[in-house]
Amino acid sequence: METPDSLPITVVIGASGALASACIHAVSAMADTSHIVAISRARPAIPETEGLSYLQCDNSEAEIGKCIAELSPLRGKINRVIICNGRLHDDNIKPEKRLEDISAEAMMAIMQSNTLTPMLWMKALAPLLKSPQACVMAVFSARVGSIADNHLGGWYSYRMSKAALNMGIRSAAIEYGRRAKNVRLIAFHPGTTDSALSRPFQASVPEGKLFSPAFVANSLLELMQQTANTLEDSPAEATFIDWEHKTIPW
Ligand SMILES: NC(=O)c1ccc[n+]([C@@H]2O[C@H](COP(=O)([O-])OP(=O)(O)OC[C@H]3O[C@@H](n4cnc5c(N)ncnc54)[C@H](OP(=O)(O)O)[C@@H]3O)[C@@H](O)[C@H]2O)c1
């Protein structure tokens, strides 16, 4: 993959979703005019431009390997990674209200998209991110993945997939701290944001608490910039942070 030599690179994975698209827009408008590589199962709606390249990937290990080979000329130039993959429901899956709703097949599917897919990307990207420049990797998690904060129950598969993702992010941050000291990881909770994922549940959201993807994307990019700016003074531990930049208990 050829990109302009002087520009830092932002990689957005799971790039067709509402929050991912808003992140792509927000990065395109930033002063550092980073080149963006968007990776998605489908071809995202935003047209490819000079500053934006696409890679299609079904998130299998073989396909991720092919993408990494394409990205290898960008080794050391990537300063942001945003992993957006996540699924709460689809035509066949609904979040469980009670134990009897648990289905092994649905739970495995949610684990695959919400936990395994981001972990495979965290693994695959490791050799590309070591650099003298700061690199911040944000992974979309969810507050409902907090074990400490769970007072409501339900949504077993989604909660468990994000709790497992959080553990993966924490461990990966420790390993990145040894192997690539310039990398910091953030598990990010966007708040309830207007997207296909939240649409069936938006009726119960209090007034003013349903955010636009653009608002959340700007909040995340500000957080990533702050994290990059303070990298040298902060430990390599992952953080679990929400749209207000408040820490969430794991
Ligand atoms: N919206 C909210 O209220 C909310 C709240 C808390 C957390 N989050 C998290 O924020 C992230 C982005 O969500 P969104 O609101 O932007 O939802 P969205 O518009 O539905 O986007 C979902 C994303 O997940 C990926 N995805 C969907 N099904 C997948 C599958 N089977 N395998 C692999 N990837 C799959 C898609 O990537 P492709 O481009 O590859 O299709 C897409 O980027 C998710 O991780 C979600 O859990 C959202």
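Preceding block: the structure.
An account of the accompanying structure is given in this report.

The rules behind the values
- Residues numbered from 1 in each chain as written.
- Predicted model: local features only at pLDDT ≥ 70, side-chain atom pairs only at ≥ 80, totals over all residues.
- Heavy atoms only, no water.
- Phe/Tyr/Trp six-rings, centres within 6.5 Å; stacked < 30°, edge-to-face > 60°.
- Helix = DSSP H or I, 4+ residues; strand = E, 2+ residues; numbered from the N terminus.
- Buried < 20%, exposed > 50% of the residue type's maximum accessible area, 1.4 Å probe, protein only.
- Pairing = 2+ DSSP bridges.
- Axes fitted to C-alpha atoms, helices over the stretch in contact; angles between N-to-C directions.
- Contact = heavy atoms within 4.5 Å.
- Expected span 1.5 Å × (residues − 1).
- Bend = angle between axes of the 7 residues up to and from the residue.
- Parallel < 35°, antiparallel > 145°, perpendicular 65-115°, else oblique.
- Left-handed = near helix turned anticlockwise from the far one by under 90°.
- Nonpolar A, V, L, I, M, F, W, Y, C, P; charged D, E, K, R; others polar.
- Right-handed = clockwise from strand over helix to strand, strands pointing away.
- Near = heavy atom within 4 Å.
- Polar contact = N/O pair within 3.5 Å; in protein donor to acceptor, adjacent residues only side chain to side chain.
- Areas by Shrake-Rupley, 256 points an atom, 1.4 Å probe, with all protein chains shown as cover.

**Some details on the packing of aromatic side chains**
Scanning all chains against the criterion turns up seven aromatic pairs. Between the aromatic rings of F140 and F188, the centroid separation amounts to 5.7 Å while the plane-to-plane angle is 80°, which identifies the pairing as edge-to-face. Here F140 is found in strand β5 (residues 135-140), whereas its partner F188 is found in strand β6 (residues 183-189), with 48 residues between them in sequence. The pair formed by F140 and F188 is uniform in burial state, with each residue classed as buried. Ring plane angle 50° and centroid distance 4.3 Å describe the contact between F211 and W243, whose orientation is recorded as tilted. Note that F211 is positioned in the loop between β6 and α5 (213-229) and W243 in the segment after β7 (239-242), a separation of 32 residues in sequence.

**Looking at the sheet that holds strand β3 (residues 52-56)**
Taking strand neighbours across the sheet as the criterion, the seven strands line up as β3-β2-β1-β4-β5-β6-β7 in an open arrangement whose pairing is parallel. With one partner strand each, in any of the chains shown, β3 and β7 form the two edges of the open sheet. Each strand axis lies, on average, 20° off the axis of its neighbour in the sheet, ignoring direction. When strand β2 (residues 35-40) meets β3, the two strands line up parallel, connected through five bridges. Note on β3: the bridge partner recorded for V37 is S53. Where helix α3 (residues 104-129) meets the sheet, it contacts β1 (9-13), β2, β4 (78-83), β5 and β6, and its direction lies at approximately 175° from that of β4.

**Thoughts on α3**
Here α3 spans 36 Å end to end across 26 residues, near enough to the 38 Å set by a 1.5 Å rise per residue. Remark: the principal bend of α3, roughly 40°, maps to Q112.

**Focus on the environment of M160**
Looking at where M160 falls in the secondary structure, it is placed in helix α4 (residues 156-179). The exposure class of M160 is partly exposed, given its relative accessible area of 37%. A sequence separation of 50 residues divides M160 from I110, and the C-alpha atoms of the two residues are 9.2 Å apart. Look past the residues within four positions of M160 in its chain and what remains in contact with it is M107 and M111.

**Quick look at the packing of α3 against α4**
Closest axis-to-axis distance for the α3/α4 pair is 8 Å, and the angle between their directions is 10°. With respect to their mutual orientation, α3 and α4 come out roughly parallel. Both α3 and α4 take part in a crossing whose hand is right-handed. Of the residues in the contact of α3 with α4, the class split is 17 nonpolar, five polar and two charged.

**With respect to the pairing of β7**
Inspection of the sheet shows β6 paired to β7 by four bridges, in the parallel sense. Of the residues in β7, the one forming a bridge with I186 is T239. In this fold, the crossover linking β6 to β7 by way of α5 has left-handed handedness.

**Quick notes on the site of the ligand**
In the region of the ligand, 26 residues are neighbours, and G14, S16, S40, Y158 and S195 sit closest. At 2.7 Å from an oxygen atom of the ligand is found a side-chain nitrogen or oxygen belonging to S16. At 2.8 Å from an oxygen atom of the ligand is found a main-chain nitrogen or oxygen belonging to T193. Burial of the ligand by the protein amounts to 89% of the accessible area it has alone, namely 870 Å². Contributing elements (two or more residues each) for the shell around the ligand: α1 (18-28) and α4. The residue makeup of the shell around the ligand, split by class, is nine nonpolar, 14 polar and three charged.

**Brief notes about unusual backbone geometry**
The general pattern is negative phi for most residues beyond glycine and trans for most peptide bonds. Positive phi is not limited to glycine here, since W155 has a value of about 50°. Classification of W155 as partly exposed rests on a relative accessible area of 27%.

**Some details on the packing of helix α2 (residues 61-71) against α3**
In the contact formed by α2 and α3, the axes pass within 10 Å of each other and the chain directions differ by 25°. On the basis of the axis angle, α2 is roughly parallel to α3. At the point where α2 passes α3, the crossing takes the right-handed sense. When α2 is examined against α3, the residues E61, I64, C67, I68 and L71 are found in contact with a partner set consisting of L120, W121, K123, A124, L125 and L128. Here the residues of the contact of α2 with α3 are counted per class, giving nine nonpolar, no polar and two charged.

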